[in-house]
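Tertiary structure, described
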Amino acid sequence: MKSDLIHDLVVAALSSALSRAKDSGELDLSTLPALTVDLPKREEWGDLSSNVAMLVAPKVRRPPLEVATVLASILKDEGQDLFDRVDVAPPGFLNFTIHPSRWGDTLKIIEALGSAFGSSQIGKGQRVLVEYVSANPTGPLHVGHGRGAALGHAASNLLQATGYSVQREYYINDAGRQLKLLGASVLARYQEYHGLPFTFPDDGYHGTYIHAVAEAMAQELGATLLDVNPEEAEEQSSAFACMQLLERIRQDLRVFGVEFDEWYSETSLLGAGHLTKALEYLKEKDLVFQKDDAWWFRSSQFQDEKDRVVAKQDGTYTYLASDIAYHRDKLHRGFDSLINIWGADHHGYVPRMQAAVQAFGYRKEQFRVVLVQMVNLLRAGKKVEMSKRAGEFVTLREVVDEVGADAAKFFFLMRRSDSHLDFDLELAKRQSADNPVYYVQYAHARIASLFRVAESRGIQVPSLQDVDLSFVTTQDELRLIKQLSCYPGIIEASAASLEPHRVTFYLQELAAQLHTYYNKHRILPSHDPGVVGESQEDGGGGFSASLDDPSAQEHRETVTPELTAARLALMRQVQTVIRNGLAVLGVSAPEHM
RNA sequence: GCGCCCGUAGCUCAGUUGGAUAGAGCAUCGGCCUUCUAAGCCGAGGGUCGCAGGUUCGAUUCCUGCCGGGCGCGCCA
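What this report covers is the structure whose coordinates are included nearby.

Definitions and limits used
Residues numbered from 1 in each chain as written. Chains lettered and ligands numbered in written order. Predicted model: local features only at pLDDT ≥ 70, side-chain atom pairs only at ≥ 80, totals over all residues. Heavy atoms only, no water. Pairing = 2+ DSSP bridges. Helix = DSSP H or I, 4+ residues; strand = E, 2+ residues; numbered from the N terminus. Axes fitted to C-alpha atoms, helices over the stretch in contact; angles between N-to-C directions. Contact = heavy atoms within 4.5 Å. Phe/Tyr/Trp six-rings, centres within 6.5 Å; stacked < 30°, edge-to-face > 60°. Buried < 20%, exposed > 50% of the residue type's maximum accessible area, 1.4 Å probe, protein only. Salt bridge = Lys/Arg side-chain N within 4 Å of Asp/Glu carboxyl O. Parallel < 35°, antiparallel > 145°, perpendicular 65-115°, else oblique. Left-handed = near helix turned anticlockwise from the far one by under 90°. Nonpolar A, V, L, I, M, F, W, Y, C, P; charged D, E, K, R; others polar.

**Observations regarding the sheet that holds strand S2 (residues 83-89)**
- Here we have three strands laid out as an open sheet, ordered S1-S3-S2, and antiparallel in their pairing. Pairing within the sheet leaves two strands with one partner each, and these edge strands are strand S1 (48-50) and S2. For this sheet, the mean angle separating the axes of adjacent strands, direction not counted, is 20°.
- Relative to strand S3 (residues 93-98), S2 runs antiparallel, the two sharing six bridges. Looking at S3, one finds that Ala89 is bridged to Phe93.
- The strands touched by helix H3 (residues 64-78) within the sheet are S2 and S3, with S2 carrying the most contacts at an inclination of about 170°.

**Description of the packing of aromatic side chains**
- Taken as a whole and assessed by the stated rule, the structure comprises 16 aromatic pairs.
- With 4.5 Å between their ring centres and 25° between their planes, Tyr170 and Trp263 make a pair best called stacked. With Tyr170 in strand S5 (residues 165-172) and Trp263 in strand S6 (residues 262-265), the pair connects residues that are 93 residues apart, well separated along the chain.
- Overall, Tyr170 belongs to the buried group, its relative accessible area being 0%.

**Focus on the pattern of salt bridges**
- Tallied over the entire structure, the rule returns 28 salt bridges.
- The residue Asp476 makes a salt bridge to Lys520 at a minimum N-O spacing of 3.1 Å. Here Asp476 is found in helix H17 (residues 475-485), whereas its partner Lys520 is found in helix H19 (residues 501-520), with 44 residues between them in sequence.
- Take Lys520: its relative accessible area is 27%, and that puts it in the partly exposed class.
- Among the ionic contacts, a cluster of salt bridges with common partners joins Glu43, Asp476, Arg479 and Lys520.

**Observations regarding the packing of H17 against H19**
- One can describe the packing of H17 onto H19 by two numbers: an axis separation of 10 Å at closest approach and a directional angle of 160°. Taken together, H17 and H19 sit at an angle that is classed as roughly antiparallel. Here H17 and H19 pass one another in a crossing that is left-handed. Taking contact as the criterion, the partners of Asp476, Glu477, Arg479, Leu480, Gln483 and Leu484 in H17 are, on H19, Tyr506, Glu509, Leu510, Gln513, Leu514, Tyr517 and Lys520.
- Its residues assigned to classes, the contact of H17 with H19 comprises six nonpolar, two polar and five charged.

**Re the environment of Val133**
- Looking at the secondary structure, you find Val133 in the loop between strand S4 (127-131) and helix H5 (143-161).
- Distance from Val133 to Ile341, taken between C-alpha atoms, is 7.1 Å for residues 208 residues apart in sequence.
- The contacts of Val133, once residues within four sequence positions are left out, are Leu141, His145, Ala149, Tyr170, Leu253 and Phe260.

In structure tokens:
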């Protein structure tokens with residue numbers, strides 16, 4: 001059963017009007033279309049609108065306006081308790097004006113649900129595994145990883161809020177060539193540290209952090225690695241470096257406020273024999289075959305453009321092989337669907353992983369990939385140059401230390417993931433309205449502050465049942481309430497499309513409306529009532545200028561205790577929705593700024 | 001060469017299964033604090049939705065071609 005939000009009530013009314021029209025023969029419908037209601041672009045067009053008549057028109061072979069008129073007349077009869085007006089507008093829109101008293105219900109729902117407002121059970125408890133970051137433990141996280149982390153975190157929150165059971169997972173590539181290279185690089189620096197001759201590996205890892213790891217290794221292990229044979233030394237070096245760097249990654253993510261349920265190690269995957277099992281299964285199905293002394297996965301059978309090598313001529317496995325095994329394991333663990341957050345430079349791998357999922361007998365749709373585009377770091381409008389090859393990049397940690405975890409997360413989530421992101425460090429630090437993070441957080445803190453002042457004057461924020469809601473039904477209040485009522489729909493759409501930026505945009509809009517309202521209307525009685533209506537001595541330019549400003553005049557409006565109570569209660573609900581939205585993004589909702 | 005993503009105001013970007021007169025922030029300009037946080041508000045200007053076709057009652061949205069930018073096309077990860 002759905003909530004009694006206005007949107008749902010209108011959809012229900014529309015749907016019953018459609019079936020009435022069908023039953024009475026007024027509209028010759030076989031199937032009912034999917035119904036949606038939206039906020040119209042202009043307030044003159046009412047509170048909510050529907051384009052259903054235009055969707056239905058071709059099916060019943062009648063002009064949209066006619067269909068709309070039929071529906072409108074039914075709705076006027078049946079929905080008298082809900083609608084003030086039902087209008088028909090060309091080319092066939094139905095525009096609804098809701099009875100003002102009904103909007104109070106929205107506030108009551110928010111108060112009753114609190115932090116659960118916006119949540120739903122659409123996911124029906126289905127199990128989803130979200131894998132994100134999964135950076136190789138061969139260096140610290142950089143800003144690109146940060147974007148993936150923020151996105152994976154927010155997407156997981158969204159899925160959880162819509163009724164999915166979510167597992168957050170980080171896959172550790174702690175086996176294979178890259179790790180060997182890491183070990184060799186660190187070992188070389190370790191030898192250098194001990195004043196010995198060394199050969200730095202081709203394609204080795206540069207960057208100062210390698211020196212730091214080597215030094216730590218020297219301090220912890222002394223010179224012991226100099227005595228063992230080279231292979232053994234490299235192995236130990238790999239293990240040490242991996243552990244160190246992974247610990248740093250964990251720490252950076254903790255400071256960033258991004259958590260995981262499971263850190264899944266490739267070594268453990270291999271140790272459990274999952275790779276051989278996966279390949280055996282595929283061989284049996286004739287989906288893996290031998291050619292040119294290598295083993296190939298027949299991914300082209302599943303819309304990949306060509307087959308892919310899983311075991312090389314030298315007998316070692318490719319990265320793809322263990323990834324296939326990993327995803328098979330995920331599915332075998334009983335997850336209904338898998339979501340991966342990947343850097344956009346990996347987009348070429350999507351078809352082959354989809355192929356793998358299907359090769360194991362699962363549906364293609366059970367595997368979704370969200371691609372995250374590059375982050376351009378700017379400082380006061382100028383691009384910060386980074387060279388990954390030379391090991392010169394700005395780390396996530398540096399950014400978080402500089403601008404804070406909240407600002408960093410919010411900025412990472414301000415754009416659609418598949419568009420490039422310009423991240424201006426100076427802007428993220430700025431404490432003004434230019435900075436969207438502060439703007440939204442300030443709205444929350446401002447309400448909190450208002451409540452503190454109220455309390456200091458002995459005024460409690462009332463529960464809605466003690467409030468006469470007819471006091472909050474003017475245009476300015478309705479505008480706010482309407483925005484609040486959209487929140488569950490935003491969460492739902494945002495979760496379905498895995499696009500947290502919609503929440504970010506929504507919050508900026510809600511905060512703007514709050515600030516506007518706050519500036520225009522008084523909530524508490526004036527501190528000094530004597531000022532109201534009193535004329536000033538210096539009736540010169542300054543004063544008349546403020547009279548010309550409509551907002552300044554409104555500022556002097558007198559408020560009764562009933563009005564104060566109603567507005568405080570409204571503010572409480574606005575605060576709840578801002579807090580809920582920020583929570584989805586993983587951003588804190590401060591009481592003070 | 002092939003594939004994927006992007007192209008919307010000076011800049012950065014939203015735009016929900018195709019809908020009404022295309023939006024926001026920044027920047028620019030002009031106003032607003034004696035009262036609840038000015039970390040805020042109000043107002044103004046600013047557009048060939050990359051270009052050309054097509055689909056239809058209707059296209060920023062879908063299709064085709066082209067132009068421009070990014071990325072990918074390893075028995076690397």
